[in-house]
Amino acid sequence: MPQEKIINIQIEGGNAKPGPPLGPTLSSLGLNVKQVIDEINNKTKDFKGMTVPVKITVDMTTKSYRIEVGIPTVTALLLKEAGVDAPSGDPAHKKIGNVSFESIVKVSLMVKPKITAKTLKSAVKSVLGTAKSIGLTVDNKDPKEVIKDVDAGAYDEIISKYEPEWASR
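Every value quoted in this text rests on a predicted model; they were computed, and no experiment measured them.

What counts, and at which threshold
- Residues numbered from 1 in each chain as written.
- Predicted model: local features only at pLDDT ≥ 70, side-chain atom pairs only at ≥ 80, totals over all residues.
- Heavy atoms only, no water.
- Pairing = 2+ DSSP bridges.
- Helix = DSSP H or I, 4+ residues; strand = E, 2+ residues; numbered from the N terminus.
- Axes fitted to C-alpha atoms, helices over the stretch in contact; angles between N-to-C directions.
- Buried < 20%, exposed > 50% of the residue type's maximum accessible area, 1.4 Å probe, protein only.
- Contact = heavy atoms within 4.5 Å.
- Salt bridge = Lys/Arg side-chain N within 4 Å of Asp/Glu carboxyl O.
- UniProt positions renumbered as here; feature names shortened; annotations may be inferred.
- Domains from an automatic or database assignment.
- Buried area = accessible area lost by both parts, 1.4 Å probe.
- Polar contact = N/O pair within 3.5 Å; in protein donor to acceptor, adjacent residues only side chain to side chain.
- Nonpolar A, V, L, I, M, F, W, Y, C, P; charged D, E, K, R; others polar.
- Phe/Tyr/Trp six-rings, centres within 6.5 Å; stacked < 30°, edge-to-face > 60°.

Enquirer: Would you mind going over the sheet that holds strand β1 (residues 4–12) in detail, with residue names and values included?
Expert: Overall, antiparallel pairing links the three strands, which are arranged β1-β2-β3 in an open sheet. Of all the strands in the sheet, just β1 and β3 (65–69) have a single pairing partner and so form its edges. The average undirected angle you get between the axes of adjacent strands in this sheet is 20 degrees. Sheet topology places β1 next to strand β2 (residues 51–59); nine bridges connect them, and they run antiparallel.

Enquirer: I'd like to hear about helix α3 (residues 74–82), residue by residue, with values.
Expert: When α3 is considered as a whole, its buried residues turn out to be Val74, Ala76, Leu77, Leu78, Leu79 and Ala82. Packed against the buried residues of α3 are β4 (97–99), α4 (101–110), α5 (120–134) and β5 (136–138). Directly after α3, the chain includes Gly83, whose backbone phi takes a positive value near 75 degrees.

Enquirer: Residues and numbers for the pairing of β2, please.
Expert: For β2 and β3, the ladder comprises five bridges, and the chain directions are antiparallel. By the bridge assignment, Lys55 is partnered in β3 with Glu68. In this structure, the hairpin formed by β2 and β3 is closed by a connection of five residues, where Lys63 is found at a positive phi of approximately 65 degrees.

Enquirer: Before we move on, can you summarise the pattern of salt bridges with the specific residues and values?
Expert: Inspection of every chain in the model, using the stated rule, returns 10 salt bridges. In this structure, the salt-bridge partner of Lys34 is Asp38, at a minimum N-O distance of 2.7 Å. Linking Lys34 with Asp38, this pair stays in helix α2 (residues 33–44), spanning four residues, or about one helical turn. With relative accessibility at 58%, the residue Lys34 sits in the exposed group. We classify Asp38 as partly exposed; its relative accessible area is 39%. Ionic pairing is found between Lys43 and Glu39, a salt bridge with its closest N-O pair at 3.6 Å. A residue pair is termed a helical-turn pair when its members lie 3 or 4 positions apart in one helix, as Lys43 and Glu39 do in helix α2 at four residues.

Enquirer: Account for the UniProt feature "domain: Large ribosomal subunit protein uL11 C-terminal" (unreviewed entry) in the protein, with residues named and values stated.
Expert: As recorded in UniProt, the feature "domain: Large ribosomal subunit protein uL11 C-terminal" (unreviewed entry) lies at residues 71–138. For the annotated span residues 71–138, helix accounts for 50% and strand for 9% of the residues, and the straight-line distance between the end C-alpha atoms is 22 Å.

Enquirer: Go over the domain arrangement of the protein with me, naming the residues and quoting the values.
Expert: The assigned domain composition of the protein is domain 1 (4–69) and domain 2 (74–168). Between domain 1 and domain 2, the C-alpha centre-to-centre distance is 31 Å. If you look at the interface, domain 1 gives four residues, while domain 2 gives four residues. Taken over both partners, the interface formed by domain 1 and domain 2 buries close to 280 Å², and the fraction arising from carbon and sulfur atoms is 73%. Run the count over domain 1 and domain 2 and you get zero salt bridges. Across the domain 1-domain 2 interface, the total number found is zero residue pairs in polar contact (both at pLDDT 80 or more). Looking at the side of domain 1 that touches domain 2 residue by residue, the classes come out as two nonpolar, no polar and two charged.

Enquirer: An account of the side chain of Thr137 is requested, with residue identities and associated values reported.
Expert: Positionally, Thr137 belongs in strand β5. On the accessibility criterion, Thr137 (14% relative accessible area) is buried. Not counting chain neighbours up to four residues away, the residues in contact with Thr137 comprise Lys95, Gly97, Asn98, Val99 and Pro143.

Enquirer: Kindly report on the packing of aromatic side chains, identifying the contributing residues and their values.
Expert: Per the counting criterion, the structure on display carries one aromatic pair. Arranged with centres 3.9 Å apart and planes meeting at 20 degrees, the rings of Phe101 and Tyr155 form a pair that is stacked. On the criterion of sequence distance, the pair formed by Phe101 in helix α4 and Tyr155 in the loop between α6 (143–152) and α7 (156–168) is long-range, its members being 54 residues apart. Tyr155 shares its class with Phe101; the two are buried.

Structural data, given as structure tokens:
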């Protein structure tokens, strides 16, 4: 059975650097630091500007490695969709941006592997709750109102359009 070493890191998407702590750790395991960093940056480039969890599994016998990129937080994905840097310190009174309902569905699909929602509709409602907690509006409405609209079936047509993608993830 091969001996494995696992390195879990949080990096900014597309911006891993060979400096400490990652570079020295990779070097001490006998890996080509530049090659590993380049591969991490390539695999995380779609998450530029967001913190992404990365897991590097190294086979200590063969010095081969496997890089797995995790999913950024729902908050980070929503902030990127809204084009803002940080959540509101007072989400009830200070709104930081607006996103479309389609953006909410997009984020819901992206985070499917790490949330417990059984249906796309319940995942959308969960993401709407996060949007409310960080000070976003959705289609210029309070996310709480949008959740009521989702429950009433107002967005069923849009949600059903993405159900096949939800089922395939």
